[in-house]
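What follows is the residue order along each chain.
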Amino acid sequence: MPVDGRMPFQEIVEACQRELIREGASGEEPKYSGTINRVYSSDLPSILPERFIKKEAFFTLLADDTVGTVTVGSGTSNIIGSSTSWTTAYNDGLVRVSGADVVYRVTAAVATSLTFNDSLTWVGSSGTGLSYVLFKDRYQLPSDFSHMLADDPEDPHVIFRYSGMNKIFMAPKSEEEYEKEDSLNVGTPFGYQVKWIKEIPYLYITLAADSAEILGYSYIPQLTTLTEYTTGTITFNTTTAVVLATGTVTWTSTVSTGTNTYYIRNDADGTGSGSKWVKISTVVSNTALTLASAWAYTSGSAQTYTISEISKWPARFDDAMLYRAAAIIDPDNVNLEKWTGFYNDAVGMDRTSDVKRNQTSKFKSWPGLRSGRRL
């Protein structure tokens, strides 16, 4: 049954197969899990607004560093600092040395050494006591990043920095615009671009910040395949602790609570809509979990269990996944109209609410209502 207003993935699978379609044949579950995942990652994104799954994140833009001086040598693989205190925060940053025509991407090996990335060497003249600028032009985005929320160059509203108590939104830039608009200089940031480097997403800033400040942004997470995990048996106690009883378990690599939300049940408490789930708070180790609340259901050792992920869509769309999958799989189409109707209700209710909100907003903006006059 739904817990905290949610139906974990495995509950949706079982409810669809056993309660709606009523298919009991063994080996058929992958068909249901695959269909539900297709609805989750393809069907719903095609009809629902991005705002339902958008996430907000923040990081601190690093100020440029010019403290001390540097020594460079022709053919060397690093820059040596004097009176510098470089930190790993500048890893993957850029350095420009006075008198040189090349900007290098570097790793801050120690407080007084910057190593060139990509096995590059210094191609300019040797020198000592030189001034420099070390700055950060790109920042790695979250591991679940898919793409930025749709943005408008003429009216940007996705990525912002603060100026006093106001948000200053930065404009999205094409690759050509980014390269032309002082992308290798420092100053006040005004634009951005997202690039994927070796399958890793980065947010590029132009101009690179000359002072530390907070930057916020909205993005769409990856809708990866929803999963369940059932290996081994475990011990349920009337506490928030769950520990392994038997079997080889790899919870630290299969249950990632950093970007996903998981629930656990004791299979002795039922399946499908009869399931009783508790949210997993943290994965302590491969063999130990901490729950968000004390276990209040069947306890004991050597219990079979299911750990299941929940959708990143809001709770009301759990029903949409259930009924859409049933409509797709229904073998004789007897209930096709019914399942489709329930699905349309699940996704259409929100559309209707949006229309009403928009109409109300427009109605409230009429001059007669603002001034209190009758029209």
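Residues numbered from 1 in each chain as written. Predicted model: local features only at pLDDT ≥ 70, side-chain atom pairs only at ≥ 80, totals over all residues. Heavy atoms only, no water.

Visitor: It is not clear to me how the environment of isoleucine 205 should be interpreted in this structure. Could you clarify?
Guide: Note that isoleucine 205 resides in strand β15 (residues 200-206). In this structure, isoleucine 205 is in contact with Leu61, Asp137, Tyr139, Met170, Tyr178, Pro189, Gly191, Tyr192 and Leu215, ignoring residues within four places of it in sequence. (Helix = DSSP H or I, 4+ residues; strand = E, 2+ residues; numbered from the N terminus. Contact = heavy atoms within 4.5 Å.)

Visitor: What should I look at first to understand the pattern of salt bridges in this one?
Guide: Pairing is possible between side chains that carry opposite charge, provided their charged atoms lie close to one another. If you walk through the whole model with that rule in mind, you get 12 salt bridges. Residue arginine 265 is joined to aspartate 267 by a salt bridge in which the shortest nitrogen-to-oxygen separation is 2.9 Å. Of the residues examined, arginine 265 reaches a relative accessible area of 2% and is grouped as buried. For aspartate 267, a relative accessible area of 24% gives the class partly exposed. Residues participating in the shared-partner salt-bridge network are Glu14, Arg265 and Asp267. (Salt bridge = Lys/Arg side-chain N within 4 Å of Asp/Glu carboxyl O. Buried < 20%, exposed > 50% of the residue type's maximum accessible area, 1.4 Å probe, protein only.)

Visitor: Is there a simple way to explain the environment of threonine 121 in this structure?
Guide: Within the fold, threonine 121 resides in the loop between β6 (113-116) and β7 (127-130). Considering only alpha carbons, one finds threonine 121 and tyrosine 104, 17 residues apart in sequence, at a separation of 9.3 Å. Every residue in contact with threonine 121, bar those within four places of it in the chain, is listed here: Gly75, Thr76, Ser77, Tyr104 and Phe116.

Visitor: What is the right way to look at the sheet that holds strand β19 (residues 233-236) in this model?
Guide: Sheet strands associate in pairs through backbone hydrogen bonding, adopting either a parallel or an antiparallel arrangement. Reading across the sheet, the 8 strands line up as β18-β25-β21-β22-β23-β20-β19-β24 and stay open at both edges, with antiparallel pairing between neighbours. Lying at the two open borders of the sheet, with one neighbouring strand each, are β18 (228-229) and β24 (300-303). Packed on one face of the sheet, helix α1 (residues 9-20) meets β18, β21 (262-266), β22 (277-285) and β25 (305-309) and runs near 105° to β25. (Pairing = 2+ DSSP bridges. Axes fitted to C-alpha atoms, helices over the stretch in contact; angles between N-to-C directions.)

Visitor: Would you mind showing me how to read the side chain of arginine 161 here?
Guide: Following the sequence through the fold, arginine 161 ends up in strand β11 (residues 159-163). A polar atom in the side chain of arginine 161 sits 2.9 Å from the side chain of glutamate 213. Setting aside residues no more than four positions away along its own chain, arginine 161 makes contact with Asn166, Lys167, Ile168, Met170, Thr188, Pro189, Glu213 and Ile214. (Polar contact = N/O pair within 3.5 Å; in protein donor to acceptor, adjacent residues only side chain to side chain.)

Visitor: When you look at the packing of aromatic side chains in this model, what are you seeing that I'm missing?
Guide: For any pair of aromatic rings, geometry is given as the distance between the ring centres together with the angle between the planes. Going through the model one piece at a time under the given rule, you end up with 21 aromatic pairs. Between tyrosine 104 and phenylalanine 116, the aromatic rings sit 4.2 Å apart at their centres with planes inclined by 25°, giving stacked as the arrangement. Here tyrosine 104, found in strand β5 (residues 103-110), pairs with phenylalanine 116, found in strand β6; they are 12 residues apart in sequence, far enough to count as distant. Phenylalanine 116 sits in the buried class, given a relative accessible area of 5%. Seen from their ring centres, tryptophan 251 and tyrosine 305 are 6.1 Å apart, and the 85° between their planes marks the pair as edge-to-face. Placement of the pair is tryptophan 251 in helix α4 (residues 251-254) and tyrosine 305 in strand β25, with a sequence separation of 54 residues. Each of the two residues, tryptophan 251 as well as tyrosine 305, counts as buried. Through a chain of ring-to-ring contacts, three or more aromatic side chains come together here, namely Phe59, Tyr139, Phe145, Trp196, Tyr217 and Tyr219. Across the ring face of tyrosine 204, the terminal group of lysine 195 is positioned such that the distance to the ring centre comes to 4.7 Å. Arginine 324 extends its terminal NZ or CZ atom over the ring of tyrosine 343, reaching a point 5.6 Å from the ring centre. (Phe/Tyr/Trp six-rings, centres within 6.5 Å; stacked < 30°, edge-to-face > 60°. Lys NZ or Arg CZ within 6 Å of the ring centre and 35° of its normal.)

Visitor: Looking at this model, I keep getting lost on unusual backbone geometry. Mind explaining?
Guide: It is generally the case that most residues other than glycine have a negative phi and that most peptide bonds are trans. Look at the link from threonine 206 to leucine 207: it is a cis peptide, with omega at -5°. Its identity as a non-glycine residue notwithstanding, aspartate 92 has a phi of 75°, on the positive side. Mapped onto the elements of the fold, aspartate 92 is located in the loop between β3 (78-82) and β4 (93-97). Phi at glutamate 199 takes a positive value of approximately 70°, unusual for a residue other than glycine. Residue placement: glutamate 199 occurs in the loop between β14 (191-197) and β15.

Visitor: Explanation requested: the nonpolar core in the structure shown.
Guide: Note that soluble globular proteins tend to have their nonpolar side chains buried in a common cluster. Leu44 and Ile79 are the most contacted members of the largest nonpolar core, which has 67 residues in total. Top element by residues in this core is helix α5 (residues 318-329). It accounts for 8 residues. With residues up to four places along the chain from it excluded, the contact list for isoleucine 79 reads Val70, Thr71, Val72, Trp86, Val95, Val97, Thr112, Ser113, Leu114, Phe116 and Trp122. (Core = buried A, V, L, I, M, F, W, Y, C linked by side-chain atoms within 4.5 Å.)

Visitor: Got a minute to help me understand the pairing of strand β2 (residues 69-72) in this structure?
Guide: Where a strand is regular, its side chains alternate between the two sheet faces. On β2, burial follows the alternation: Val70 and Val72 on one face are buried, whereas Thr69 and Thr71 on the facing-out side are not. Counting the residues between successive antiparallel strands, the hairpin from β2 to β3 contains 5 residues, one of them, glycine 75, with a positive phi of roughly 85°. Bridge analysis of β2 against β7 gives 2 bridges, and the strand direction is antiparallel. Across the sheet, valine 72 pairs through a bridge with glycine 127, a residue of β7.

Visitor: Looking at this structure, I do not really get α5. What am I missing?
Guide: Residue pairs spaced three or four apart in an α-helix point in one direction, given the helix's 3.6 residues per turn. In this model, α5 (12 residues) spans 17 Å end to end at C-alpha, consistent with the 16 Å of a helix rising 1.5 Å per residue. Listed as buried for α5 are Asp318, Ala320, Met321, Leu322, Tyr323, Ala325, Ala326, Ala327 and Ile329. (Expected span 1.5 Å × (residues − 1).)

Visitor: Just to check I follow, could you spell out a nonpolar patch on the surface for this structure?
Guide: On the surface, Phe58, Tyr162 and Ile214 cluster together into a nonpolar patch covering about 280 Å² of accessible area. By relative accessible area, which is 46% here, phenylalanine 58 ends up partly exposed. (Patch = residues over 30% accessible without salt bridge, like charges linked within 9 Å, V, L, I, M, F, W, Y side chains within 5 Å. Areas by Shrake-Rupley, 256 points an atom, 1.4 Å probe, with all protein chains shown as cover.)

Visitor: Just checking my understanding: could you explain the side chain of threonine 235 for this structure?
Guide: By the element assignment, threonine 235 lies in strand β19. The class of threonine 235 is buried, set by a relative accessible area of 14%.

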